[in-house]
Each structure stands twice: as C-alpha cells, then as structure tokens.
Amino acid sequence: MRSVYQVAGDSDYDVLLTLVGENETRPVERLLDNRKIDGLILTRTLERDPLIPLLKARKVPFVAIGQPEDDQVLSVDHDQVGGCREMTSLLLMKGMKHIALLGGSMLYTVNQSRLEGFRQAYVKMGQKIDESLLFLELESDDLRTSAVELAVQRGADCILCMDDQVAQLALNTLRQLNLRVPQDIRLASLYDDEALQGCTPQITAVSFDAEQLGRRTAQQLLSLIRHQPVETRTLLGYQVGLRLSTQT
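The following paragraphs examine the structure supplied in this document. Computed from a predicted model, the values in this text were never measured in an experiment.

### As for the packing of helix H6 (residues 141-153) against helix H7 (residues 164-176)
- H7 packs onto H6 with a crossing angle of 55 degrees between their chain directions and a minimal axis gap of 10 Å. Compared by their axis directions, H6 and H7 come out oblique. In this structure, H6 meets H7 at a crossing whose hand is right-handed. Taken together, the residues of H7 that come into contact with H6 (itself represented by Asp141, Arg144, Thr145, Val148, Glu149 and Val152) are Val166, Leu169, Ala170, Thr173 and Leu174.
- Looking at side-chain class alone, the contact of H6 with H7 contains six nonpolar, two polar and three charged residues.

Here it is in structure tokens:
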C-alpha cells in the first residue's frame, strides 16, 4: 500500500481505500456511480470474482494482484507457483517424505497457485503426495490448531504452511505439544515476513517483495489510464530462504 500511495502521489493522483467482501460489489459500484475513481487495483483475486465482470462491463481501467481466471485481465503477481514448487522440491531433496500442507480458503487464487506449486514439485521429484496430509480451507485458528495436531498424529515430518500467520500458529501449537523445531519436526512457510525471521528458530520461507508488487501494479494502472502500452500478465520474482526450522 505504501508503494501504491507513493507512485500515485508522484503522478498527482489520490488513493481511496475500500473494503469489499468476497461476494460483495456494492462498495465498488458506489465509487463508480459517484465518479470518484479513474482506475482501480484489486488487491486480491477470487475464483469467479464478481468484481471483474462488473469492472469490465463499466469499462473501468483496473489491474488485479494475483492470477485471475480471465487471462485477458491485466494482472501483476509474484511467481507463486515457481516459489512454492522450489520450496517443496528443496524440502523433498532434504529427505522429508511426509510433508503436511496447511492453507486457507481455496476461493483465493493465491492459495490455488501455491497448491499448484506444491503439486508440481512432487511430479518433478517423482514422488506421491500423501493426500491425508493436505489440510485446506482452514479459516479459523481452531481449525488450524486441529490440523497441526492431526498432521503430527499422521506422522508428518514437516509442516508447510501457505502463509506466515498459519506458520506462527503452527509453531506455537507444536510447542504446546512439546515438539521441538527442527529436532522433532520441521516447519516452513510459503510466505515470509519479519515475524518469521524473528521466531526461535527462524522459519524457512519464500520471500516476495511486497513494495515491488505495489509499485509495479500502480505503474501498470497509471499506464492503462493514460492509454499507454502495458503487459497483460506481469510475474515478479521470489527468494527461498532456508533457515533453522528445516535444518536436518
């Protein structure tokens, strides 16, 4: 958001922030009806996202962060599939044979991309996923805690979390179960933040540059508003940070 504000401000544009529920369109319709915006950034994309057909029908310049189903929609994202594929491949190469994957709503395309990267890694390594260790649609802390406990019961040697919040909760749950990371079980995240780097032990994670993402998205939207050439799909890079939580 900071990068979006900076790029917009440098071009004498103001930024309005509006919160929209998963199946909601009215807040955006109100902005359009009142002619308050010249363009719009969708900060997340959903499966069957109701905002995309609305914005296309109203002919509003917009850019989506993520991987929209409609490949004609302008979008900017990090290479979620590539980053998650590389992370999973590294864990498999380090000898972890029972990886539990914990993630949230699969309505969000970012989670779909991370799951795809996970699956591609197993194909690449010629190994088979233990489907009993896939825990998705974890939309509450109670569900996430139960998933960690079940993963341990089912013999997971590594817990791979789709985001940083799930990873932190998993670390706390493992401590409550008197399990040590990495001695008893490994832990990794498919999204990094400073909190994971400050954990004891530091948690292995895939890092994405959020400021670069915001900057590039805002630049793409401004180009679109000005009728300048733009890329339909922009993929940014990532880094995999191997830390103590997956040490073997």
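### Comments concerning the packing of helix H4 (residues 80-93) against helix H5 (residues 109-125)
- Running from N to C, H4 and H5 point in directions that differ by 40 degrees, and their axes come no closer than 7 Å. Looking at the two axes, H4 sits oblique to H5. Crossing of H4 over H5 shows right-handed handedness. Between H4, through Gln80, Val81, Cys84, Arg85, Thr88, Ser89, Leu92 and Met93, and H5, the contact on the second element is made entirely by Val110, Ser113, Arg114, Glu116, Gly117, Phe118, Gln120, Ala121, Tyr122, Lys124 and Met125.

### Overview of the nonpolar core
- With 23 residues, the main nonpolar core has Ala100, Leu102, Phe135, Ile159, Cys161 and Leu187 as its most contacted residues.
- Those elements that place two or more of their residues in this core are strand E4 (99-102), H6, strand E6 (158-161) and H7.
- Considering each element in turn, this core owes the most residues, five residues, to H7.
- Not counting residues within four places of it along the chain, the set of residues in contact with Ile159 comprises Ala100, Leu102, Val148, Ala151, Leu174, Ile185, Arg186, Leu187 and Ala188.
- Counting residues in each nonpolar core, the second largest holds 20 residues, with Met96, Tyr122, Cys158 and Met162 among its members.

### Thoughts on H6
- For H6, with 13 residues, the first-to-last C-alpha span of 18 Å sits near the 18 Å given by 1.5 Å per residue.
- For H6, the secondary structure elements touched by its buried residues are E4, strand E5 (134-135), E6 and H7.

What counts, and where the lines are drawn
For every chain, the first residue of the written sequence is number 1, and numbering continues from 1 along that sequence. Owing to the predicted nature of the model, reporting of local features is limited to residues with pLDDT of at least 70; listing and counting of side-chain atom pairs is limited to 80 or more, with chain, interface and lining totals taken over all residues. Excluding hydrogens and water, the side-chain values take into account all heavy atoms of the structure. Axis lines are fitted to C-alpha atoms, over the contacting stretch for helices. Their N-to-C directions set the angle, which ranges from 0 to 180 degrees. Helix and strand labels come from DSSP, where a helix needs a run of H or I of at least four residues and a strand needs a run of E of at least two; each type is numbered from the N terminus. Note on angle classes: values under 35 degrees are labelled roughly parallel, values over 145 roughly antiparallel, values of 65 to 115 roughly perpendicular, and the remainder oblique. For a crossing to be left-handed, the near helix must be turned anticlockwise from the far one by less than a right angle; the clockwise case is right-handed. Throughout, a contact is declared for two residues whenever any of their heavy atoms are within 4.5 Å. Any residue that is not Ala, Val, Leu, Ile, Met, Phe, Trp, Tyr, Cys, Pro, Asp, Glu, Lys or Arg is counted as polar, Gly included; the first ten are nonpolar and the last four charged. Think of a nonpolar core as a cluster: buried Ala, Val, Leu, Ile, Met, Phe, Trp, Tyr and Cys residues, connected wherever their side-chain atoms sit within 4.5 Å. With a 1.4 Å probe rolled over the protein chains alone, any residue whose accessible area is under 20% of its type maximum counts as buried; one over 50% counts as exposed, and the rest are partly exposed. How far a helix is expected to stretch is found by multiplying one less than its residue total by 1.5 Å.

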